[in-house]
Amino acid sequence: MSILQLLRSPLLRLPLVISVVMQLSQQLSGINAVFYYSTPLFESSGLTYQTASYATIGVGAIMVIMTFVSIPLMDRAGRRILHLVGLCGMFVFSICLTVTMALQHLVPWFNYVSVGCALTYVVFFAIGPGSIPWLIMAELFSQGPRPAAMSIAVLVNWSANFVVGLGFPPMQEGLGEYSFIPFTVLLALFCLFTFKFVPETKK
């Protein structure tokens, strides 16, 4: 099946929309703002460059460890619930990250709490949005339309990745310590969409 045929198919429209939104929930969750700009982000929270660099290494290490942890959970807990837990956890800790960064001038040790919030944020990403969108999408489509659906998903995923990578620095400059609020709003919308529309594909 071609991409055009897939786009024209009424039966495959909802699975395609779900797949696209799942990919957007991965990239517009704000995770790449942490991955790409973690060191300056941690520096802006009051840490020294050396401490911020160690925190950045911690982000990568936690991502690797939690990815291995999430693999057996996919079949035990199910894809939908893991994605929902991951998004909701990211939503909560994006709020915590914003609050601790905004109040760090009043409470000096909040700069270390903000690092903890960022690391926990990464943990929840690895549990759900880091891998689940690809797995659910592959299970939503049969072998025929799957390649076309994957092509659209990859396009959407990397386009959103590009937008976040390019747009976060000016957003951070403009919003300062409140730069994660747009991601918080998007995470809330993705949580609602997942709860209402995303099916459990585990067999």
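To keep things clear, this report deals only with the structure shown in the data block. (Residues numbered from 1 in each chain as written. Predicted model: local features only at pLDDT ≥ 70, side-chain atom pairs only at ≥ 80, totals over all residues. Heavy atoms only, no water.)

Brief notes about the packing of helix α5 (residues 79–102) against helix α7 (residues 132–140)
When two helices pack together, their arrangement is given by the angle between the helix axes and by the axis-to-axis distance.
Phase 1: Their axes nearest at 10 Å, the elements α5 and α7 cross at an angle of 150 degrees. It follows that α5 is roughly antiparallel to α7 by the angle criterion. Crossing hand, α5 versus α7: left-handed. Contact residues: R79, R80, L82 and H83 in α5; I132, P133, L135, I136 and E139 in α7.
Phase 2: Taken together, the residues of the contact of α5 with α7 break down into 5 nonpolar, 1 polar and 3 charged. (Axes fitted to C-alpha atoms, helices over the stretch in contact; angles between N-to-C directions. Helix = DSSP H or I, 4+ residues; strand = E, 2+ residues; numbered from the N terminus. Parallel < 35°, antiparallel > 145°, perpendicular 65-115°, else oblique. Left-handed = near helix turned anticlockwise from the far one by under 90°. Contact = heavy atoms within 4.5 Å. Nonpolar A, V, L, I, M, F, W, Y, C, P; charged D, E, K, R; others polar.)

Some remarks on helix α4 (residues 49–77)
Note: α-helices contain 3.6 residues per turn, so residues at a spacing of three or four share the same orientation.
Phase 1: Look at α4: 39 Å from first C-alpha to last across 29 residues, which is about the 42 Å you get at 1.5 Å a residue.
Phase 2: The largest bend along α4 measures about 30 degrees and falls at I71, with the proline P72 one to four residues further on.
Phase 3: Along α4, the residues that are buried comprise A52, A55, V59, M63, M66, S70 and M74.
Phase 4: One or two steps after α4, the chain reaches G78, where phi turns positive at roughly 100 degrees. (Expected span 1.5 Å × (residues − 1). Bend = angle between axes of the 7 residues up to and from the residue. Buried < 20%, exposed > 50% of the residue type's maximum accessible area, 1.4 Å probe, protein only.)

Considering helix α2 (residues 13–27)
Phase 1: The first and last C-alpha atoms of α2 sit 21 Å apart over 15 residues, in line with the 21 Å expected at 1.5 Å per residue.
Phase 2: Residues P15, L16, I18, S19, V21, M22, Q23, S25, Q26 and Q27 constitute the buried set of α2.

As for the pattern of salt bridges
Phase 1: Following the criterion strictly, the structure yields 1 salt bridge and no others.
Phase 2: Across the salt bridge formed by E139 and R79, the nearest N and O atoms sit 2.7 Å from each other. Residue E139 is found in helix α7, and its partner R79 is found in helix α5; the two are separated by 60 residues along the sequence.
Phase 3: The class for R79 is buried, based on a relative accessible area of 7%. (Salt bridge = Lys/Arg side-chain N within 4 Å of Asp/Glu carboxyl O.)

Here we look at the packing of α5 against helix α6 (residues 110–127)
Phase 1: Running from N to C, α5 and α6 point in directions that differ by 165 degrees, and their axes come no closer than 8 Å. In this view, α5 runs roughly antiparallel relative to α6, as classed from their interaxial angle. Pair α5 / α6 crosses with left-handed handedness. On α6, the residues that touch L82, V85, G86, G89, M90, F93, S94, C96, L97, T100 and M101 of α5 are F110, V113, S114, C117, A118, T120, Y121, F124, F125 and I127.

Description of the environment of S19
Phase 1: Relative to the elements of secondary structure, S19 occurs in helix α2.
Phase 2: Classification of S19 as buried rests on a relative accessible area of 2%.
Phase 3: Note: C-alpha distance between S19 and L135 (116 residues apart in sequence) is 9.9 Å.
Phase 4: In this structure S19 touches M137, L140 and F141, once residues within four positions along its chain are discounted.
Phase 5: Within the structure, the side chain of S19 is placed 2.8 Å from the backbone oxygen of P15, a separation counted as a polar contact. (Polar contact = N/O pair within 3.5 Å; in protein donor to acceptor, adjacent residues only side chain to side chain.)

Some words on the packing of aromatic side chains
Phase 1: For the coordinates displayed, the defined rule picks out 6 aromatic pairs.
Phase 2: Plain terms: the ring middles of Y121 and F180 are 5.8 Å apart, the flat faces sit at 80 degrees to each other, and that makes the pair edge-to-face. You can see Y121 sitting in helix α6 and its partner F180 sitting in the loop between α8 (146–175) and α9 (181–197), a full 59 residues away along the chain. There is no split in this pair, since Y121 and F180 are both buried. (Phe/Tyr/Trp six-rings, centres within 6.5 Å; stacked < 30°, edge-to-face > 60°.)

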